[in-house]
Every structure is written in structure tokens, then in C-alpha cells.
Amino acid sequence: MNDSHSIPSTGDHAPGTGDHAIVVTRVSDTEWHAMDGDQVVGRGDASVRPDGRLFVGIDAWHGEDFDRIAGAMTADLPAPLYAVADETDRDSTSAWQRAGFTTVRREWGYVVPTDPQVTGLGPVRPPAGVVIVPVGQVEEAPLRALDQVLHAEIEAGPGWQTMPAQVLPRPAGTTVVDPSKYAVARQAGRYVGLLRLAPLTRQPRIGLIAVRADLQRHGIARALLADTLDALHRRGTASVWAEVTESNAAATALFEGIGARRAGSTLEFVRR
């Protein structure tokens, strides 16, 4: 697919460009380029998240180029469209608003200490009958079975759109890509809770903590967090990163109760 939108340029140009009309071209089903002559001055991309929502992203040096790409993408793609931006990036948030997107959700980013003397999680133990299986030792089949149960419960309750916004693309029909990144809670031979840990080089990231609905408020999530953070602390990792949806009061209380420091926020936008 290669559709072009030729728009006369009325604003500033990137260094070294001439006085050309900006042409926004859809170079594939998921990518758009803004061209000033033979130079790419902006890019747009679209991707479908595991919950089926269509997210768009735009990278452009100048606001006018952003607006041109946004205009082309919103004309080409079916609504609703979603986007995310760092709340402190005023240029990006304003640009999405100019394109007709409105804020639907805020996600807080936390720096979470791992030292049990700081978190107060040192004495925390799993509830009776529950065993924590650490990251790297989880069996794939029961993990995927638990993931399907949790996914159905989340969809029936708050909705998967309340999960962290910055999720990686995953194969259709699954939210588990790499079982080695999970810790789980096991009870009576079945997995009942999970924690996903992305072992990033600079700072590991907790992507999700979830417990079966019938076993929530029994301390399982806290035990999963205690075991995982303690293991990281013993390996020399001082802190991890986590995201929590603003409306998730239980998760907010869990992280703030162990000394996590709020260090950023992401806004999610929609254009209907």
C-alpha cells in the first residue's frame, strides 16, 4: 500500500531541506512517512495491542509535520485510535490533542526499592498452603492456563485496557511470550497468581501482578512482590520500575506502602 497526501509546507524546515511540499505517504499497512523532497522529516506507525485496540505513534521534529502525519493516519485508519505520551512532554500531549485525541487514562510510574529493610517486606511470607515459584523456574503449561483465567477475569471486570499501557506486541491469543520472566504463586498444585518481570539492563520492570479473583486480599500479591524484590536485592539490584493505573487503588496502596516513589506518568489518549 502506498497512498500519498501532498500538503504545501508553510512552516520551518529541518536543516538542509529545500522549499518543498510535505508529502505524507503510507508506505505499508502500518507505517507512514512525511517527506520533504527526498528527506524523511517524520514517521507514523500503527500497531494492534493484545486487547485488540489500535495504537498509533508519531515521531516528527516539527509540530506541523506531526499534524500532517496525524491527519493522514486518522483519515486512513478506523476509529477508535489510541496513543500514549509522557505527561511531562507538553509538545507531544498538545500535538495529540490538536489531532482530536482526548485523555482517557493516567498511569503512574514508580521507582520501587528492593531492600527488604526499606520495603518492610522482609518478614512477609506466603499464606498457608501457598508456595512462591521464583522467576526462571515456572512451568509453561500451568502458567498459560493461569494467564487465560486472569485475562478472562480482567476482561469481565475492569477491562484489559486498565493494564499497563506500555506493553510489547504479542502473538494473537496469548499474553505470555517468555515464561522465564514470570514468578508465580502455587496452591494445591495449581498456579493462582503471577508477577511478570522484564529483566532490563538498566532497571528491571514489573509489568504485571495479578491474582485469581477468588483468592485476592489474602496476601498473595504481597508475597510475590516480597520474594521477587528480595531476590533482586541479593543480586545487587537497588530498585525496579513499575506502572500502576491511577484508578487502581489496591495496586497504588501496595506500592506506596512499601516505599515506592512516584517518578513519572503516562497519559493514554483516544480519538473516537
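All figures in this text were calculated on a predicted structure; none of them were measured in a lab. (Residues numbered from 1 in each chain as written. Predicted model: local features only at pLDDT ≥ 70, side-chain atom pairs only at ≥ 80, totals over all residues. Heavy atoms only, no water.)

*Asks:* Honestly, the overall build of the protein in this entry has me stumped. Any pointers?
*Replies:* Counting its secondary structure elements, the protein contains six helices and 13 strands. For the protein, the proportion of its 272 residues judged to be buried stands at 46%. Counting only contacts in the protein whose residues sit at least 6 apart along the sequence, the fraction spanning at least 24 positions is 66%. Accessible surface, the protein: about 13700 Å² in total, of which carbon and sulfur atoms supply 50%. (Helix = DSSP H or I, 4+ residues; strand = E, 2+ residues; numbered from the N terminus. Buried < 20%, exposed > 50% of the residue type's maximum accessible area, 1.4 Å probe, protein only. Contact = heavy atoms within 4.5 Å. Areas by Shrake-Rupley, 256 points an atom, 1.4 Å probe, with all protein chains shown as cover.)

*Asks:* Whenever I open this one, the packing of aromatic side chains confuses me. Can you help?
*Replies:* Two aromatic rings, taken as a pair, are described by how far apart their centres are and by the angle between their planes. The tally for this structure, following the rule as stated, stands at four aromatic pairs. Residues W96 and F101 carry aromatic rings whose centres are separated by 5.0 Å and whose planes lie at 70 degrees to one another, so their mutual orientation is edge-to-face. F101 shares its class with W96; the two are buried. Through a chain of ring-to-ring contacts, three or more aromatic side chains come together here, namely F66, W96 and F101. Seen from the ring of F55, R49 lies directly overhead, with NZ or CZ sitting 3.8 Å from the centre. The positively charged end of R262 is found above the aromatic ring belonging to W108, 4.0 Å away from the centroid. (Phe/Tyr/Trp six-rings, centres within 6.5 Å; stacked < 30°, edge-to-face > 60°. Lys NZ or Arg CZ within 6 Å of the ring centre and 35° of its normal.)

*Asks:* Honestly, helix α2 (residues 90-98) in this entry has me stumped. Any pointers?
*Replies:* Because each turn of an α-helix spans 3.6 residues, side chains separated by three or four positions in sequence point in the same direction. Inspection of α2 places T93, A95 and W96 among the buried residues, and these make up the whole buried set. Looking down the long axis of α2, one finds its buried residues gathered within 160 degrees of arc, a one-sided arrangement. When the buried face of α2 is taken as reference, the exposed residues oriented beyond 90 degrees from it are R90 and D91. Directly beyond the C-terminal end of α2, a positive phi value near 95 degrees is found at G100. (Arc of directions from axis to C-beta.)

*Asks:* Can you walk me through the nonpolar core in this structure?
*Replies:* Generally speaking, soluble globular proteins have nonpolar side chains that are buried together. Core analysis: the biggest nonpolar cluster contains 30 residues, and V112, I206, I220, L225, L229 and F255 have the highest contact counts within it. Listing elements by their share of this core, those giving two or more residues are β7 (102-113), β8 (130-133), β9 (182-187), β10 (190-198), β11 (205-211), α5 (220-234), β12 (239-245) and α6 (249-256). Considering every element that reaches this core, the biggest residue donor is α5, with seven residues. Beyond its immediate chain neighbours, meaning those up to four positions away, L225 contacts L121, L195, I206, I209, L254, F255 and I258. (Core = buried A, V, L, I, M, F, W, Y, C linked by side-chain atoms within 4.5 Å.)

*Asks:* I'm lost on the pattern of salt bridges in this one. Help?
*Replies:* For side chains of opposite charge, pairing can occur when their charged atoms come near one another. This structure, assessed with the given rule, holds 14 salt bridges. With its nearest N and O atoms 2.8 Å apart, the salt bridge here joins R53 to E268. Within this pair, whereas R53 is found in the loop between β4 (39-48) and β5 (54-60), its partner E268 is found in strand β13 (residues 261-271), the two being separated by 215 residues in sequence. The burial state of R53 is the same as that of E268; both residues are buried. Across the salt bridge formed by E256 and R262, the nearest N and O atoms sit 2.8 Å from each other. Under the relative-accessibility criterion, E256 is labelled partly exposed at 38%. If you follow the salt bridges from partner to partner, you end up with R53, R105, E107 and E268 in one network. (Salt bridge = Lys/Arg side-chain N within 4 Å of Asp/Glu carboxyl O.)

*Asks:* Teacher, can you tell me more about α5 here?
*Replies:* Over its 15 residues, α5 runs 21 Å from end to end, which matches the ideal 21 Å to within 8%, given 1.5 Å per residue. Buried within α5 we find I220, A223, L224, L225, A226, T228, L229, A231 and L232. A positive phi of about 95 degrees marks G236, the residue just after α5. (Expected span 1.5 Å × (residues − 1).)

*Asks:* Explain the side chain of E243 here, please?
*Replies:* Locating E243 in the fold gives a position in strand β12. Its relative accessible area of 14% is what places E243 among the buried residues. There is a polar contact of 2.9 Å between the side chain of E243 and the side chain of R205. A polar contact of 2.7 Å, which involves the side chain of E243, links it to the side chain of W241. (Polar contact = N/O pair within 3.5 Å; in protein donor to acceptor, adjacent residues only side chain to side chain.)

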